[in-house]
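Structural description and commentary
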Amino acid sequence: MRTDKSDKSEKKKFNKQILTRFVQTECERQLFLDLAQEKPDLWISPNRPIEKPLLRRHGSNYLELMGQEYEQLVYARLVSMKQVKYKKGAEDKVANSKLSPNAFLELYRALEPKKKTNPLLLLLEYEYENPISFFKDVFNISSGKEPMPVEYSKQRPDILIIEKLNDISDKVSELLPNNKIREVPKEELKSRYAISVIDIKNIRDINVGKKQFTEILYYMQTLAYYLKEHGLNNKFFVRVNRNGIFPRYSQDDLNKIKSFDKFFELAIFLKWDESNQIFKTLVNKIQQLWKKCPCSIDSIPVNIQVNCGYCYYIEDCKKTLGMDGVKPRKEWSLKLIPYTSMSIAQQLLDRGFKTIGDMVDNLKNVKVGNTPESLYPELPLLQLKAQSISENKVIKPRAGQIHAYSIPKYSTIAINFSVESDPANQRIFAAGLYLYMSVSPKAPYSLVYENWWRIWKEGYEESKPPKEIQKELNENLTREIPLEIVEMFLYLLGRLKVVLIFLKGEKKKDGSIRQRSTVIYQFAMVNEGSEDQTEAKFAKKVIIKLNYLLELCNIIENYLVTDAEKAGRYYGPTTSLFYWSRRQLNNFQEMLERNLDSIIKDRKAVSAFESIMSLFSPSESEVAHPYQHKKLFKIQVFD
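This is a predicted model, so every value here is computed, not measured.

1. Quick word on the packing of aromatic side chains
Scanning the entire structure with this criterion turns up 25 aromatic pairs. Taken together, a centroid distance of 6.0 Å and an interplanar angle of 80° make the contact between Phe32 and Trp43 edge-to-face. Of this pair, Phe32 sits in helix H2 (residues 28-36) while Trp43 sits in helix H3 (residues 40-43), and the two are 11 residues apart along the sequence. Look at Trp43 and you get buried, because its relative accessible area is 0%. An aromatic cluster of at least three residues, connected via ring pairs, comprises Phe14, Phe134, Phe135, Tyr152, Tyr218 and Tyr225. We note Lys235 situated over the ring of Tyr108; from NZ or CZ to the ring centre the distance is 5.7 Å.

2. Thoughts on helix H4 (residues 62-78)
With 17 residues, H4 should cover 24 Å at 1.5 Å per step; its first-to-last C-alpha distance of 25 Å lies within 8% of that length. Here H4 has its buried residues at Met66, Gly67, Tyr70, Glu71, Gln72, Val74, Tyr75 and Leu78.

3. Section: the pairing of strand S20 (residues 575-579)
Burial runs high along S20: 5 of the 5 residues are buried. Burial along S20 is two-sided: the residues Thr575, Leu577 and Tyr579 and Ser576 and Phe578 are all buried. In the sheet, strand S14 (residues 413-422) pairs with S20 via 4 bridges, with the strands oriented parallel. Looking at S20, one finds that Ile415 is bridged to Leu577.

4. Overview of a positive patch on the surface
A cluster of like positive charges, contributed by Arg495, Lys497, Lys537, Lys541, Arg603 and Lys604, occupies part of the molecular surface. Its location among the elements puts Arg495 in helix H17 (residues 483-496).

5. Looking at the pairing of strand S10 (residues 193-200)
Burial runs high along S10: 8 of the 8 residues are buried. Along S10, one buried face is formed by Tyr193, Ile195, Val197 and Asp199 and the opposite face, lined by Ala194, Ser196, Ile198 and Ile200, is buried too. Relative to S10, strand S7 (residues 159-163) runs antiparallel, the two sharing 5 bridges. Note that in S10 the partner of Ile159 across the bridge is Ile198. The sheet contact formed by S10 and strand S11 (residues 236-239) spans 3 bridges and is parallel. Its bridge partner lying in S11, Ile195 is registered against Val238. A crossover connection joins S10 to the parallel S11 through helix H7 (residues 210-229); in handedness this β-α-β unit is right-handed. Examined bridge by bridge, S10 and strand S12 (residues 244-246) share 3 bridges and lie parallel to one another. Bridging from a neighbouring strand, Ile198 pairs with Gly244 of S12.

6. Here's the deal with the confidence of the model for the protein chain
Per-residue confidence for the protein chain gives a mean pLDDT of 85; residues scoring 70 or more make up 89%. Confidence drops under pLDDT 50 across residues 1-7; counting only partners more than four residues distant or on other chains, this segment forms 25 contacts. Contacts from residues 617-630, a stretch scored under 50 in pLDDT, to residues over four places away or in other chains number 14 contacts.

7. With respect to the environment of Asn241
Relative to the helices and strands, Asn241 is located in the loop between S11 and S12. Since its relative accessible area comes to 45%, Asn241 is described here as partly exposed. For the pair Asn241 and Trp272, spaced 31 residues apart in the sequence, the C-alpha separation amounts to 7.0 Å. In terms of polar contacts, Asn241 uses its side chain to reach the side chain of Arg239, at 2.9 Å.

8. Section: the environment of Glu174
By the element assignment, Glu174 lies in strand S8 (residues 173-175). The class of Glu174 is buried, set by a relative accessible area of 4%. Taking the C-alpha atoms as reference points, Glu174 and Val184, separated by 10 residues in sequence, lie 6.5 Å from one another. Excluding residues within four positions of it along the chain, Glu174 makes contact with Lys180, Ile181, Arg182, Val184, Arg192, Phe237, Val238 and Val240.

9. With respect to the environment of Asn130
Within the secondary structure, Asn130 is located in the loop between strand S6 (126-127) and helix H6 (132-138). When the C-alpha positions of Asn130 and Tyr152 are compared, they lie 7.1 Å apart, and in sequence the two are 22 residues distant. Setting aside residues no more than four positions away along its own chain, Asn130 makes contact with Phe135, Tyr152, Ser153, Gln155, Tyr218 and Thr222. In this structure the side chain of Asn130 is engaged in a polar contact, spanning 2.9 Å, whose partner is the backbone oxygen of Ser153. Within polar-contact distance, the side chain of Asn130 engages the side chain of Tyr218 at 3.2 Å.

10. Looking at the nonpolar core
Within the largest apolar cluster, 67 residues are counted, with the highest numbers of intra-cluster contacts made by Phe32, Trp43 and Phe139. When residues no more than four places from it in sequence are discounted, the contact partners of Phe32 are Trp43, Ile44, Leu289, Cys293, Cys295, Ile297 and Ile300. Tyr449, Trp456, Leu577 and Ala608 belong to the second-largest nonpolar core, a separate cluster that totals 62 residues.

11. A look at empty space enclosed by the protein
With the rule as written, the count across this model stands at 4 cavities of 30 Å³ or more. Size it by volume and the largest cavity reaches roughly 110 Å³. For the largest cavity, the lining is made up of 14 residues, of which Cys27, Gln30, Asn303, Cys308 and Cys311 are closest to its centre. Breaking the lining of the largest cavity down by element, the ones donating at least two residues are H2 and helix H11 (314-320). Split into classes, the residues belonging to the lining of the largest cavity amount to 8 nonpolar, 5 polar and 1 charged.

12. A closer look at the packing of helix H18 (residues 532-559) against helix H19 (residues 582-594)
In the contact formed by H18 and H19, the axes pass within 10 Å of each other and the chain directions differ by 120°. Here H18 lies oblique to H19, going by the angle between them. As H18 runs across H19, the sense of the crossing is left-handed. On H19, the residues that touch Glu535, Phe538, Ala539, Val542, Ile543 and Leu546 of H18 are Phe588, Met591, Leu592 and Arg594. Partitioned by chemical class, the residues of the contact of H18 with H19 number 8 nonpolar, no polar and 2 charged.

13. With respect to the packing of H7 against helix H10 (residues 272-292)
Across the interface, H7 lies against H10 with an axial gap of 9 Å and an inter-helix angle of 80°. Here H7 lies roughly perpendicular to H10, going by the angle between them. Where H7 abuts H10, its residues Lys210, Phe213, Thr214, Leu217, Tyr218, Met220 and Gln221 lie against Trp272, Ser275, Asn276, Ile278, Phe279 and Leu282. Here the contact of H7 with H10 is composed, by residue class, of 8 nonpolar, 4 polar and 1 charged.

What counts and what doesn't
Residues numbered from 1 in each chain as written. Predicted model: local features only at pLDDT ≥ 70, side-chain atom pairs only at ≥ 80, totals over all residues. Heavy atoms only, no water. Phe/Tyr/Trp six-rings, centres within 6.5 Å; stacked < 30°, edge-to-face > 60°. Helix = DSSP H or I, 4+ residues; strand = E, 2+ residues; numbered from the N terminus. Buried < 20%, exposed > 50% of the residue type's maximum accessible area, 1.4 Å probe, protein only. Lys NZ or Arg CZ within 6 Å of the ring centre and 35° of its normal. Expected span 1.5 Å × (residues − 1). Pairing = 2+ DSSP bridges. Patch = residues over 30% accessible without salt bridge, like charges linked within 9 Å, V, L, I, M, F, W, Y side chains within 5 Å. Areas by Shrake-Rupley, 256 points an atom, 1.4 Å probe, with all protein chains shown as cover. Salt bridge = Lys/Arg side-chain N within 4 Å of Asp/Glu carboxyl O. Lys, Arg positive; Asp, Glu negative; His and termini not counted. Charge placed at Lys NZ, Arg CZ, Asp CG, Glu CD. Right-handed = clockwise from strand over helix to strand, strands pointing away. pLDDT = per-residue confidence, 0-100. Contact = heavy atoms within 4.5 Å. Polar contact = N/O pair within 3.5 Å; in protein donor to acceptor, adjacent residues only side chain to side chain. Core = buried A, V, L, I, M, F, W, Y, C linked by side-chain atoms within 4.5 Å. 1 Å grid on protein atoms, 1.4 Å probe; cavity = no way out; pocket = protein on both sides within 12 Å on 5 of 7 lines; lining within 4 Å. Points joined across faces, edges and corners; volume = space filled by probe spheres on them. Nonpolar A, V, L, I, M, F, W, Y, C, P; charged D, E, K, R; others polar. Axes fitted to C-alpha atoms, helices over the stretch in contact; angles between N-to-C directions. Parallel < 35°, antiparallel > 145°, perpendicular 65-115°, else oblique. Left-handed = near helix turned anticlockwise from the far one by under 90°.

Take a look at the structure:
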């Protein structure tokens, strides 16, 4: 469903955004205020102004425009086929058409005389009025005298499918206005045509979920009411098993659509039993809220979560929870504790805690029982958070209270990596690697390190043979280096191409003398497009380059060592990989998963993939990668 872009008032009415927001956030307060916005007096008593947000987020219509462009790409493949009905608008694009009861009858007559086995029509961008009977049922209004509690907008699915199914062997079920399912008798299929809905979404197939299916269910429900309301249900019915989403595909895939069968093959159809439960839960929640009305805004539960940062009502909810600029911090609701899940907050409420002050004073009295509960491991951090908020200052844990690994104070080899995604295209658009290597003169292996890079810089720049480099290295190393490792290191330097080696004693740009040797490597790459092929090519280059870098660092870790006081122990450098947040790892892993087929067909790429994934995502059979705990560090955690 879309509202007319030129009519901003349409967006304030009861529409798909109200439904999908609740499906995503499960926030009753947001749903209540969304429903009440057009007719607040029917919903709110006492009625009061809503606190305006302090930070107004100015949305962009970029994603909407991209979605419209993709719709037109799909339509361009369909309009060339027979039995596709649409209206041509500006620039030969598909424009919206009106679907009135009379238009339905015309469509019926257009199909009736056809003798084909399964005559079919595709309607593109056909708009119909939302049936008032649907809203009367949802809000339990038995007669037309009661005021309708919402204003409602029109419905315009991307694609409506009308089929004649009188020669089909499978059972066919229809959706009735009361959300019941009925099997359509074979005899009725001769005179009644099936209607189903497909919506085009500019998202990848793996991201199609309950939000998108909620929209489809809304279309199905309103269509069932529309047919009955206008006496059309003796000629049409809403088919249960032919509704879904057409996700984003590459232009090459779209070019293969030369028949309806191919189009349907690429669509993702909802499973009725699973998906309908989402819609039933949503309608039940709307009905529960309406039964309570008119009621106080503050009587509706608040579900504070990360998504609240994008919500218009956030300041109003914060005020309800005590953050009103008047009450002391200890009287604020414990729900305002940041990064605390609703389940943890509910466990505290069930134990009699209500405010941040309650937590400060009494969390220490919570007894850890024999039966594990998710609350127990959170107690030390919850105590710190509550105390910090109540006193409005940083509170540090006592020594020994919390144990965690931290960013190493000195890291000889530091690799920073970043993988950035474009949420509009669900693609990685850029990746970067930055290596910085330096050793303190006080480190036991500093002399080995300095000699290592002096020999390698001279050997590489002067194109010395590997045996000569090996001989020089072994004169300085505690652990002898085999010739094949020297050849491998030379190969890696060549593949990385620009490894900057600044030796101790060399002059800097400012004329000063360098006090220690430093090695720097920088790599940045931008994805050249949003197609499958370009990201696959991009992904392979990134993982191969990263693997080269990790292999280089592993060799350095293994051979730049010196004996420790205890026999069999060595001092040596370690490699640390730094990333900003878990999102970076997720971006990286999702890119590899999306392009796995392409990667495994490339010998170099698959070898690099196996090596890297073992480090970044250990298999379930491993307790942990032997180096992961000391190599990977999320910087954001240590702010």
